There are 6 protein chains.
Amino acid sequence: MPTLRVEMFAGRTLDQKRALARELTDATVRALGVPASAVEVLFYDIEKHDWAVAGTLCSDPPASPPQQA
Amino acid sequence: MPTLRVEMFAGRTLDQKRALARELTDATVRALGVPASAVEVLFYDIEKHDWAVAGTLCSDPPASPPQQA
Amino acid sequence: MPTLRVEMFAGRTLDQKRALARELTDATVRALGVPASAVEVLFYDIEKHDWAVAGTLCSDPPASPPQQA
Amino acid sequence: MPTLRVEMFAGRTLDQKRALARELTDATVRALGVPASAVEVLFYDIEKHDWAVAGTLCSDPPASPPQQA
Amino acid sequence: MPTLRVEMFAGRTLDQKRALARELTDATVRALGVPASAVEVLFYDIEKHDWAVAGTLCSDPPASPPQQA
Amino acid sequence: MPTLRVEMFAGRTLDQKRALARELTDATVRALGVPASAVEVLFYDIEKHDWAVAGTLCSDPPASPPQQA
């Protein structure tokens, strides 16, 4: 603890996850003053067909404005 | 926001998810008066062997009454 | 199951939650063909100072465009 | 309800999940006095490259002390 | 890790939570063979007006069969 | 999206949350190359009596090593 859960589109590389885990942990250490060893980060890869905005799956052509994540 | 997370048994088709995303978004718009563009829906497919009721995995023959979802 | 979790700004009335629970359940029944008795809905009220968009707490004046939820 | 969500490293066998579902349900029944039929347990298998401690993915050699889960 | 999240009706005493944390941790140790120090448990107290079954808030008189949790 | 959920001990000030939201968002922008406007962060304050490690509530004297978060 603190524990961070990150939901994002599937497709990030291992290097991106590695960098993100490091960056988020450092950010938490700076903002809260906790030791890095106390910070856990979990990634959830969400397929675009499992994420909808404005009622439209992100895998479908947007009826809504384009999404980026 | 609002953000909805839906846990359900794996196996729904894309069309079912498409309909569910649309229906849930419309329902939220009607009940809360928010614009559709503010509503996000995320689907989590849960395998029956990863969901237990009454201590029995839903992939196992029910010691408990049959489950439907 | 299915189980729905709804994160939204705090401040909705009991009547709004009652309507939303009903609407979301009906939507799930229509889209998935499950019985209403199988559907659970949980509400999480999130204070605006606990929800940030674009790095700005929703309780702060927007550096980002105004949010509605 | 109660509903339990378990995040753990991927790789547990079906028998381990079966035992864990049973054990967690029994524990909840004992501690809270609810009927077993009211208890749901959901398992989330998290790959080691999706779980970081101290800013290091659990699939990478530990800069932090070794993790076990 | 493993990390367990428990959603249950608000109103449990500290002693019940203390017992439940202990029981769930012991159950996880037995079923998975992890050390107790690796197990975290988080409790989420959910008000009955924030939990709906069959489209009815659990704080309302049941249109559905009575719920217990 | 991406959406980050942060569970941490209750008691952080608004300024700490403000800083954390900013830092986490910046970290995500740097690591993933998404625009800041796409990043949401939600904070969950967890009381120490609702978080257990090694089977002991964090509000109780540690049978386990002291926790910091």
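Keep in mind it's a predicted model, so treat the numbers as computed, not measured.

A. How the structure looks around the packing of helix α1 (residues 14-32) of chain A against helix α1 (residues 14-32) of chain F. Running from N to C, α1(A) and α1(F) cross one another at 160°; their axes reach a closest spacing of 9 Å. With respect to α1(F), the axis of α1(A) lies roughly antiparallel. Handedness of the crossing formed by α1(A) with α1(F): right-handed. Judged by residue contacts, Gln16(A), Ala19(A), Leu20(A), Glu23(A), Leu24(A), Ala27(A), Thr28(A), Arg30(A), Ala31(A) and Leu32(A) of α1(A) engage Gln16(F), Ala19(F), Leu20(F), Glu23(F), Leu24(F), Ala27(F), Thr28(F), Arg30(F), Ala31(F) and Leu32(F) from α1(F).

B. Summary view of the environment of Arg22(E). One can find Arg22(E) in helix α1 (residues 14-32). Expressed as a C-alpha distance, the spacing of Arg22(E) and Val41(E), which sit 19 residues apart in the sequence, is 9.2 Å. A polar atom in the side chain of Arg22(E) sits 3.3 Å from the backbone oxygen of Ala54(F).

C. Inspection of the relation of the copies chain A and chain F at higher detail. When chain A is fitted to chain F, the residual RMSD is 0.0 Å, and the transformation amounts to a turn of 180° plus an axial shift of 0.0 Å. The two molecules are tied by a two-fold rotation axis, judged by turn and shift. Within chain A, Arg5(A) has its C-alpha nearest the rotation axis, a separation of 2.6 Å. Here 100% of the interface residues in chain A have copies in chain F that are interface residues too; the copies meet face to matching face.

D. Just unusual backbone geometry, in detail. In this structure, the amide linkage connecting Met1(A) to the following residue, Pro2(A), adopts the cis form with an omega of 0°. Secondary-structure assignment places Pro2(A) in the segment before β1 (3-9). We note that Ala54(B) has phi near 60°; this positive angle belongs to a residue other than glycine. Within the secondary structure layout, Ala54(B) lies in the loop between β3 (51-53) and β4 (56-57). Of the residues examined, Ala54(B) reaches a relative accessible area of 11% and is grouped as buried.

E. Layout of the sheet that holds strand β2 (residues 40-46) of chain B. Reading across the sheet, the eight strands line up as β4(A)-β3(A)-β2(B)-β1(B)-β1(C)-β2(C)-β3(E)-β4(E) and stay open at both edges, with mixed pairing between neighbours. The sheet is open, and its two borders are formed by β4 (56-57) of chain A together with β4 (56-57) of chain E, each paired with just one other strand. By the bridge criterion, seven bridges tie strand β1 (residues 3-9) of chain B to β2(B) in an arrangement that is parallel. Pairing of Glu7(B) across the sheet is with Tyr44(B), part of β2(B). Sheet strands touched by helix α1 (residues 14-32) of chain B: β3 (51-53) and β4 of chain A, β1 and β2 of chain B together with β1 (3-9) of chain C. Its angle to β2(B), the strand with the most contacts, is close to 140°. Sheet strands touched by helix α1 (residues 14-32) of chain C: β1 of chain B, β1 and β2 (40-46) of chain C together with β3 (51-53) and β4 of chain E. Its angle to β2(C), the strand with the most contacts, is close to 140°.

F. Expanded view of the relation of the copies chain E and chain C. Once chain E has been moved 0.0 Å along the axis and rotated by 120°, it coincides with chain C to within an RMSD of 0.0 Å. Put plainly, the chains are arranged around a three-fold axis. If distances are taken from each C-alpha of chain E to the rotation axis, the shortest is found for Tyr44(E), at 5.9 Å. An asymmetric contact is evident, with only 8% of the interface residues of chain E recurring at the interface of chain C.

G. Representation of the pattern of salt bridges in the model. Enumeration over the complete set of coordinates arrives at 48 salt bridges over all chains. Note that Arg5(D) is salt-bridged to Glu7(B), the shortest N-O span being 2.6 Å. Placement of the pair is Arg5(D) in strand β1 (residues 3-9) and Glu7(B) in strand β1, with the two residues belonging to separate chains. Taking the relative accessible area as the measure of exposure, Arg5(D) reaches 12% and is therefore buried. Glu7(B) gets classed as buried once you look at its relative accessible area, which sits at 4%. Close ionic contact of Asp45(F) with Lys17(F) constitutes a salt bridge, the shortest N to O distance being 2.8 Å.

H. Highlighting the sheet that holds strand β3 (residues 51-53) of chain F. Ordered by their spatial adjacency, eight strands build an open sheet running β4(B)-β3(B)-β2(D)-β1(D)-β1(E)-β2(E)-β3(F)-β4(F), and the pairing between neighbours is mixed. Bordering the open sheet on either side are β4 of chain B together with β4 (56-57) of chain F, each of which pairs with just one other strand. Strands in contact with helix α1 (residues 14-32) of chain D are β3 and β4 of chain B, β1 and β2 (40-46) of chain D together with β1 (3-9) of chain E; relative to β2(D), the strand with the most contacts, it is inclined by about 140°. Its contacts with the sheet put α1(E) on β1 of chain D, β1 and β2 (40-46) of chain E together with β3 and β4 of chain F, and the angle it makes with β2(E) is roughly 140°.

I. Region of interest: the confidence of the model for chain A. Per-residue confidence for chain A averages 93 on the pLDDT scale, and 90% of its residues sit at or above 70. For this predicted complex, the interface confidence comes out at an ipTM of 0.89, alongside a pTM of 0.92.

J. Here's a closer look at the pairing of β2(B). With respect to burial, β2(B) is a largely interior element, six of its seven residues being buried. Both β3(A) and β2(B) contribute to a ladder of three bridges, which runs antiparallel. By the bridge assignment, Trp51(A) is partnered in β2(B) with Leu42(B).

K. Representation of the interface of chain A and chain F in the model. Facing the 30 residues of chain A at the interface are 30 residues of chain F. Summing both partners gives a buried area of about 2500 Å² for chain A against chain F, and 65% of it is carried by carbon and sulfur. At the boundary of chain A and chain F, one finds four salt bridges. Remark: the boundary between chain A and chain F carries seven residue pairs in polar contact (both at pLDDT 80 or more). When residues of the side of chain A that touches chain F are traced back to their parent elements, those giving at least two are β1, α1 and β3 of chain A. Here the side of chain A that touches chain F takes 10 residues from α1(A), the largest share from any one element.

Procedures and definitions
- Residues numbered from 1 in each chain as written.
- Chains lettered and ligands numbered in written order.
- Predicted model: local features only at pLDDT ≥ 70, side-chain atom pairs only at ≥ 80, totals over all residues.
- Heavy atoms only, no water.
- Axes fitted to C-alpha atoms, helices over the stretch in contact; angles between N-to-C directions.
- Helix = DSSP H or I, 4+ residues; strand = E, 2+ residues; numbered from the N terminus.
- Parallel < 35°, antiparallel > 145°, perpendicular 65-115°, else oblique.
- Left-handed = near helix turned anticlockwise from the far one by under 90°.
- Contact = heavy atoms within 4.5 Å.
- Polar contact = N/O pair within 3.5 Å; in protein donor to acceptor, adjacent residues only side chain to side chain.
- Least-squares fit on C-alpha atoms with pLDDT ≥ 70 in both.
- Buried < 20%, exposed > 50% of the residue type's maximum accessible area, 1.4 Å probe, protein only.
- Pairing = 2+ DSSP bridges.
- Salt bridge = Lys/Arg side-chain N within 4 Å of Asp/Glu carboxyl O.
- pLDDT = per-residue confidence, 0-100.
- Buried area = accessible area lost by both parts, 1.4 Å probe.

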